[in-house]
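Residues per chain are reported as follows:
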Amino acid sequence: MGLFSRTKTKKAIAKMELLKLDALYDLIKGQYPPFGRPAVAQAEIFRAFTLMAAMGCTSVDSWHAQLSESPELCAIAGFPASSLPCLGAFYAFINRLWLLKEMPSRVHKSGWPFAFCQSVKLKKGEKLAERKPGINERLYASYFSKGRHLPKHPQHLMQAAFAALAVNPSIGRGLINEGCYESGDGTALHCHSNKYGKKICLCEEHKCRCNRRYSGPGARIGWDSGEGRNYYGYSLFMLTARDPRSSAELPTLIRFGEAQRHGSVLALVSIDELFMFSPAIEMAGLCFDSAMDNNPTYSFLRGKGVEAFIDLIGMQMRLCPNALPALL
């Protein structure tokens, strides 16, 4: 198996046996033109990427090289040993699945990145305030109160695939039943690329004002309240369902946002997308922390017939550490 142990390969095989990709064809067929040479092995490439994650590989190039040297891994992914798609087909599939016509290169003058990378001085446990005050109220008034959804974003198709391949089958198997409870929270997703960019000029001066290129096009500077420091990367928000009858805790939506994006905005958008992609979920309540304590969230959930459970004790303890006896 080359770089991978047999134990890890056996675990990956067990995961692949449960992955049924029939629903994927209807989702991605609109991404290909109806003329010309038809695309082949798209579901197999998707399975190969899933296998890649299960095997702990993080490089598409090295993973393709490993597939070319291992008929066993090709068979697990569904490829005949002699018809492994070229490396370009894997990158083309990523471009089709990620709904963005042109990946931004983020080439800016060096003055912009250095200003962009200024640190934020907060205490550990504190969170960044909203960049645009009132954004939740405007989102609710313009879209959610009128039954409208936000325009499609690059993650739209991936979230639809996750719902069709994982969430909805879990509902059909009785792992997520009527009356379940959802909980959601955000976390800092650190990116290990260089936040100052890569020089593409020949200037000897390090702080020259020439253009720079960034390997993380969507990464931003954010504040990690858990670690009490700035970080470069993204904000990850997840919704998880817990069913008291099956005792199962399963993720139902995974949403990436900018690092400086406030958690309440990602929460409001994630709730809407959960109802859009998995309308069969009939939850009894939704649990959030105090960052989501705002009128648009309450109004949106009330309109969906879902009870909101917001942790306000944690907020009171941060504002007044001696408030716990009075609250209890």
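Residues numbered from 1 in each chain as written. Predicted model: local features only at pLDDT ≥ 70, side-chain atom pairs only at ≥ 80, totals over all residues. Heavy atoms only, no water.

### Side note on the overall build of the chain
Okay, step 1: Along the backbone of the chain there are 13 helices and nine strands.
Okay, step 2: Considering the chain as a whole, with its 328 residues, one finds that 37% of them fall into the buried category.
Okay, step 3: Considering only contacts in the chain between residues 6 or more positions apart, those separated by 24 or more positions represent 66%.
Okay, step 4: Carbon and sulfur atoms provide 55% of the accessible area of the chain, an area that totals close to 18,700 Å². (Helix = DSSP H or I, 4+ residues; strand = E, 2+ residues; numbered from the N terminus. Buried < 20%, exposed > 50% of the residue type's maximum accessible area, 1.4 Å probe, protein only. Contact = heavy atoms within 4.5 Å. Areas by Shrake-Rupley, 256 points an atom, 1.4 Å probe, with all protein chains shown as cover.)

### Some remarks on the packing of helix α3 (residues 42–54) against helix α4 (residues 60–69)
Okay, step 1: The N-to-C vectors of α3 and α4 enclose an angle of 105°; their axes lie 11 Å apart at closest approach. Viewed along their axes, α3 and α4 adopt a mutual orientation that is roughly perpendicular. On the side of α3, the interface is formed by A48, F49, L51 and M52, while α4 contributes V60, W63 and L67.
Okay, step 2: Partitioned by chemical class, the residues of the contact of α3 with α4 number seven nonpolar, no polar and no charged. (Axes fitted to C-alpha atoms, helices over the stretch in contact; angles between N-to-C directions. Parallel < 35°, antiparallel > 145°, perpendicular 65-115°, else oblique. Nonpolar A, V, L, I, M, F, W, Y, C, P; charged D, E, K, R; others polar.)

### A few points about helix α6 (residues 87–97)
Okay, step 1: Of all the positions in α6, only F90, F93 and L97 are classed as buried. Viewed along the axis of α6, the buried residues span an arc of 60°, placing them on a single side of the element.
Okay, step 2: Structurally, α6 contributes buried residues whose contacts are with α2 (22–28), α3, α4 and α9 (156–172). (Arc of directions from axis to C-beta.)

### Thoughts on the pattern of salt bridges
Okay, step 1: Under the defined criterion, the tally for this structure stands at six salt bridges.
Okay, step 2: Put simply, D26 and K29 hold a salt bridge, and the shortest N to O gap is 3.8 Å. K29 shares its class with D26; the two are exposed.
Okay, step 3: Its salt-bridge partner being E227, residue R229 comes within 2.6 Å of it at the nearest N-O pair. (Salt bridge = Lys/Arg side-chain N within 4 Å of Asp/Glu carboxyl O.)

### Observations regarding the environment of N168
Okay, step 1: When you line up the elements, N168 lands in helix α9.
Okay, step 2: Judged by relative accessible area, which is 29%, N168 ranks as partly exposed.
Okay, step 3: A C-alpha to C-alpha distance of 9.0 Å links N168 and F277, two positions 109 residues apart in sequence.
Okay, step 4: In this structure N168 touches A163, F277 and S278, once residues within four positions along its chain are discounted.
Okay, step 5: Side-chain polar atoms of N168 contact the side chain of S278, separated by 3.5 Å. (Polar contact = N/O pair within 3.5 Å; in protein donor to acceptor, adjacent residues only side chain to side chain.)

### Re the packing of aromatic side chains
Okay, step 1: Here the structure, examined in full by the defined rule, presents eight aromatic pairs.
Okay, step 2: The interplanar angle of 75° and the centroid separation of 6.3 Å between the aromatic rings of F46 and F93 together place this pair among those described as edge-to-face. Of the two residues, F46 sits in helix α3 while F93 sits in helix α6, which places them 47 residues apart along the sequence. Each member of the pair F46 and F93 is classed as buried. (Phe/Tyr/Trp six-rings, centres within 6.5 Å; stacked < 30°, edge-to-face > 60°.)

### A few points about the pairing of strand β8 (residues 283–288)
When a strand is regular, its side chains alternate between the sheet's two faces.
Okay, step 1: Here four bridges tie strand β2 (residues 180–190) to β8, and the two strands are oriented parallel to one another. Following the sheet pairing, Y181 is matched in β8 by G285.
Okay, step 2: One ladder, built from four bridges, connects β8 with strand β9 (residues 307–310); its direction is parallel. Counted as the bridge partner of F288 is I310 from β9.
Okay, step 3: Handedness of the β8-helix α11 (residues 295–303)-β9 crossover: right-handed. (Pairing = 2+ DSSP bridges. Right-handed = clockwise from strand over helix to strand, strands pointing away.)

### Re the nonpolar core
Okay, step 1: Judged by nonpolar contacts, the single largest core of 31 residues is most densely connected at L139, F237, I271, I281, M283, L286 and F288.
Okay, step 2: Those elements giving two or more residues to this core turn out to be α8 (135–142), α9, β6 (229–243), α10 (263–277), β8 and α11.
Okay, step 3: Residues within four places of M283 in sequence aside, it is in contact with C180, E182, L274, F275 and V306.
Okay, step 4: If you look at the next biggest cluster of nonpolar residues, it comprises 27 residues, including L24, I28, A48 and L51. (Core = buried A, V, L, I, M, F, W, Y, C linked by side-chain atoms within 4.5 Å.)

### Describing the side chain of N294
Okay, step 1: Relative to the helices and strands, N294 resides in the loop between β8 and α11.
Okay, step 2: If we skip the residues at most four places from it in the chain, N294 touches N136 and S264.

### A word on empty space enclosed by the protein
Okay, step 1: What the rule picks out here adds up to one cavity of 30 Å³ or more.
Okay, step 2: Space inside the largest cavity adds up to approximately 60 Å³.
Okay, step 3: Lining the largest cavity we find E130, R131, K132, I135, Q260, R261, H262 and V265.
Okay, step 4: Class assignment for the residues of the lining of the largest cavity results in two nonpolar, two polar and four charged. (1 Å grid on protein atoms, 1.4 Å probe; cavity = no way out; pocket = protein on both sides within 12 Å on 5 of 7 lines; lining within 4 Å. Points joined across faces, edges and corners; volume = space filled by probe spheres on them.)

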